[in-house]
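Below are the chains, spelled out letter by letter.
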Amino acid sequence: FEIEDNVRSDSLDTISSLKSAGYKCVLVTGDKKEIANILSTQLNIDHIHAEVHPDEKANIVSSYQSEGFVVAMVGDGINDAPAIAQADVGIAMGGGTDIAIETGEIVLAKSDLSAVLRATQLANATFNTIKQNLFWAFIYNIIAIPLAFAGLIHPLIAEAAMALSSISVVGNSNRLKSIKF
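Residues numbered from 1 in each chain as written. Predicted model: local features only at pLDDT ≥ 70, side-chain atom pairs only at ≥ 80, totals over all residues. Heavy atoms only, no water.

Observations regarding the packing of helix H6 (residues 114-149) against helix H7 (residues 155-174)
Rules: Only the stretch in contact is used when a helix axis is fitted, and all axes are lines through C-alpha atoms; the angle between N-to-C directions ranges over 0 to 180 degrees. The secondary structure listing takes helices from DSSP runs of H or I that are at least 4 residues long and strands from runs of E that are at least 2 residues long, numbered from the N terminus. Each angle receives one of four descriptions, namely roughly parallel if under 35 degrees, roughly antiparallel if over 145, roughly perpendicular if within 65 to 115, and oblique otherwise. Should any heavy atoms of two residues lie within 4.5 Å, those residues are considered in contact.
Interhelical geometry of H6 versus H7 gives an angle of 175° and a closest axis separation of 8 Å. By the angle between their directions, the pair H6 and H7 is classed as roughly antiparallel. Residue-level contacts link Thr-129, Gln-132, Asn-133, Trp-136, Ala-137, Tyr-140, Asn-141, Ala-144, Ile-145 and Ala-148 of H6 to Pro-155, Ala-158, Ala-161, Met-162, Leu-164, Ser-165, Ser-168, Val-169, Asn-172 and Ser-173 of H7.

Below you can see the structure in the form of structure tokens.
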């Protein structure tokens, strides 16, 4: 007789969305090659590593890092913990083992793969907001402070510009609350 895990309904959509966003999706599993091939076909994953031991998972992560990739490892078990620790971003599924959860930088509350996509979208939006905030803070201060120092504008205007830069940084950062994924 045969036992088979069901592929979660959100997995294919999540992996397709990640691939569309430019991420390379790789399946690293301790399962037999036949099972890994079935999963990779169902999920449209091009790169698989099957029959992998826990320490080998960390080595695979390391090899991708040495090729210049920034690696996010998603896992839920004790076998995934070394690879989660090795990854640039370790993501532990909330329903997983304690050691996987303790190892991950990001812990997803539910075992919902689509949360990985939302986490990457939020991380990208946050990084873009940080770049915007730095730009506006520097612009206000690079323009207003030298002008005040040179006597071309009143120092109170430069102070107001510094306050305005802080207000714009806070306001811009608060936009992250309204992002819908």
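Notes on the packing of aromatic side chains
Aromatic rings considered in pairs are described by the distance between their centres and by the relative angle of their planes. Filter applied, for reference: Put simply, two rings from Phe, Tyr or Trp (the six-membered ring, in Trp's case) pair if the centres are within 6.5 Å, and we call them stacked under 30 degrees between planes, edge-to-face over 60, tilted for the rest. The buried label goes to any residue with under 20% of its type's maximum accessible area, the exposed label to any with over 50%, and the partly exposed label to all in between, with areas taken from a 1.4 Å probe on protein chains only.
Following the criterion strictly, the structure yields three aromatic pairs and no others. Measuring from ring centre to ring centre gives 5.9 Å for Tyr-64 and Phe-69, while their planes differ by 70°; the resulting arrangement is edge-to-face. Exposure remark for Tyr-64: the relative accessible area of 12% places this residue in the buried category. Taking 6.4 Å as the distance between ring centres and 45° as the angle between the ring planes, the aromatic pair formed by Trp-136 and Tyr-140 counts as tilted. Here Tyr-140 and Trp-136 lie together in helix H6, a separation of four residues that amounts to about one turn. Overall, the relative accessible area of 22% leaves Tyr-140 in the partly exposed class.

Section: a nonpolar patch on the surface
For clarity, the threshold we go by: Put simply, a patch holds well-exposed residues, over 30% relative accessible area, that have no salt bridge, with like charges counted together within 9 Å and Val, Leu, Ile, Met, Phe, Trp or Tyr side chains within 5 Å. Surface exposure here means Shrake-Rupley accessible area, sampled with a 1.4 Å probe, where a residue is shielded only by the protein chains that are shown. Salt-bridge detection follows one rule: a side-chain nitrogen of Lys or Arg within 4 Å of a carboxyl oxygen of Asp or Glu.
Among the surface-exposed residues, Ile-130, Leu-134, Phe-138, Ile-142, Ile-143, Leu-147 and Leu-152 lie close enough to one another that they form a single nonpolar patch of about 690 Å² accessible area. Structurally, Leu-152 is set in the loop between H6 and H7. Assessed through its relative accessible area of 63%, Leu-152 is described here as exposed.

Here we look at the pairing of strand E4 (residues 89-93)
As a reminder, the rule being used: Strand pairing is defined by DSSP finding a minimum of two bridges between the two strands.
Summarising burial for E4: four of the five residues are buried, a large majority. Alignment of strand E3 (residues 72-75) against E4, held across four bridges, turns out to be parallel. In the sheet register, Met-73 faces E4, and the bridge partner there is Gly-90. Two strands pair when backbone bridges link them, and E4 and strand E5 (residues 106-108) are joined in this way by three bridges, in the parallel orientation. The partner of Ala-92 across the bridge, within E5, is Val-107.

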